[in-house]
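Observations on the model geometry
Here are the chains, one letter per residue:
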Amino acid sequence: SRTISEVLSSQSGRLWYGPKAQPRPARLWLRKGVGGVFAPFIFQTPQVVDQRCNYVVAKDGITEEELAAVLTSTCFAFSAEVNGSTSMGAGVIELATSKLKGYPVPDVRLWSSRDRASLVKLATSVWTQEEPVDWTRSKPGPNLTALDQHVLKRLNPSVSADRLYADMKALVQARYRLAADKTGKQKKKHSESIG
């Protein structure tokens, strides 16, 4: 057996108790653990955020604004909900750093320049006029709905925003019910063992 200090020291880093990842400034950040609110942090200038978040950078052929728009859409939130892990407990879904880049998202590089410009314009309306949706208790506003309709029209026109929202809400609620059920069973086992 080894102490926590020994284990962390073997992972490198100047100080055994310090973060192992080097801080990096970026404009786009996503929480690693998400409750009911899927919303990126979007900064005007690059900022350093702590290790509870993943930074996201745009690849060649896509602007940071386009990437931020995709991350704002409910299509990304749905992809994160389906592909994330519930290993953190308490109903939180984990967006693991190593797996985040594999989540399926719309490739806006294949869209027309007009569609890409509309994507950013619609997302800007969301950022400036609406609060992020808490899928446990609120519903999307008109600006997010317009953004999602724009994205869905290019992905699969047969899927409506209402259907996406119903499925998203059902997934989030199921995640919380599962967590509550696990907690209830653990407490029951615990109380039985005490008795």
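The following refers to the structure shown. Just so we're clear, the structure is a prediction, and the values are computed from it rather than from any experiment.

Turning our attention to the sheet that holds strand β1 (residues 26-31). Taken together, three strands build an open sheet; the order of strands is β3-β1-β4 and the sheet is antiparallel. If you trace the sheet from one side to the other, it starts and ends with β3 (41-47) and β4 (53-56), each paired once. Averaged over all pairs of adjacent strands, the angle between strand axes in this sheet comes to 40°, irrespective of strand direction. Looking at chain direction, β1 and β3 are connected through three bridges and run antiparallel. Note that in β3 the partner of L28 across the bridge is I42. Sitting on the sheet, helix α2 (residues 64-72) is in contact with β1, β3 and β4, with an inclination near 15° to β1.

All chains considered together, the criterion is met by two aromatic pairs. Geometrically, the ring pair formed by W29 and Y55 is edge-to-face, given 5.8 Å between the ring centres and 70° between the ring planes. Of the two residues, W29 sits in strand β1 while Y55 sits in strand β4, which places them 26 residues apart along the sequence. Residue classification places W29 among the buried positions, given a relative accessible area of 3%. Taking the relative accessible area as the measure of exposure, Y55 reaches 38% and is therefore partly exposed. Over the ring of W111 we find R154, and its NZ or CZ is 6.0 Å from the ring centre.

With that settled, consider the side chain of T72. Tracing the chain through its elements places T72 in helix α2. According to the relative accessible area criterion, T72 is buried, its value standing at 12%. Within the structure, T72 has its side chain in polar contact with the backbone oxygen of A68 (distance 2.7 Å). Beyond its immediate sequence surroundings of up to four residues, T72 is in contact with P40, I42, V126, W127, L144 and L147.

Here the focus is the nonpolar core. F38, V56, F76, L100, L119, W135 and L147 are the most contacted members of the largest nonpolar core, which totals 35 residues. Listed by contribution, the elements that provide at least two residues to this core are β1, α2, α3 (74-83), α5 (113-129), α6 (142-155) and α7 (161-194). For F38, the residues in contact, after removing those within four places along its chain, are A77, A80, E81, I93, V133, W135, M168, V172 and R175.

Attention now goes to the environment of G102. When you line up the elements, G102 lands in the loop between α4 (97-100) and α5. Exposure remark for G102: the relative accessible area of 58% places this residue in the exposed category. Put simply, G102 and N83 are 19 residues apart on the chain and 8.9 Å apart in space, counted from C-alpha to C-alpha.

It is worth spelling out the packing of α2 against α5 at this point. The contact between α2 and α5 brings their axes to 9 Å, and the two run at 60°. Looking at the two axes, α2 sits oblique to α5. Handedness of the α2/α5 crossing: left-handed. Of the residues in α5, those touching α2 at E65, E66, A68, A69, V70 and T72 are R116, L119, V120, A123, V126 and W127. Grouping the amino acids of the contact of α2 with α5 by side-chain chemistry returns eight nonpolar, one polar and three charged.

All right, on to the pattern of salt bridges then. One pass over the structure, following the stated rule, counts nine salt bridges. Residue E81 pairs with R175 through a salt bridge whose shortest N-O separation is 2.8 Å. In this pair, E81 sits in helix α3 while R175 sits in helix α7, placing the two residues 94 residues apart along the sequence. Accessibility classification places E81 together with R175 in one group, the buried group. Measuring nitrogen to oxygen at the nearest pair gives 3.0 Å for the salt bridge that ties R154 to D115. A residue pair is termed long-range when its members are at least 10 positions apart, and R154 in helix α6 and D115 in helix α5 qualify at 39 residues.

The rules we used
Residues numbered from 1 in each chain as written. Predicted model: local features only at pLDDT ≥ 70, side-chain atom pairs only at ≥ 80, totals over all residues. Heavy atoms only, no water. Pairing = 2+ DSSP bridges. Helix = DSSP H or I, 4+ residues; strand = E, 2+ residues; numbered from the N terminus. Axes fitted to C-alpha atoms, helices over the stretch in contact; angles between N-to-C directions. Contact = heavy atoms within 4.5 Å. Phe/Tyr/Trp six-rings, centres within 6.5 Å; stacked < 30°, edge-to-face > 60°. Buried < 20%, exposed > 50% of the residue type's maximum accessible area, 1.4 Å probe, protein only. Lys NZ or Arg CZ within 6 Å of the ring centre and 35° of its normal. Polar contact = N/O pair within 3.5 Å; in protein donor to acceptor, adjacent residues only side chain to side chain. Core = buried A, V, L, I, M, F, W, Y, C linked by side-chain atoms within 4.5 Å. Parallel < 35°, antiparallel > 145°, perpendicular 65-115°, else oblique. Left-handed = near helix turned anticlockwise from the far one by under 90°. Nonpolar A, V, L, I, M, F, W, Y, C, P; charged D, E, K, R; others polar. Salt bridge = Lys/Arg side-chain N within 4 Å of Asp/Glu carboxyl O.

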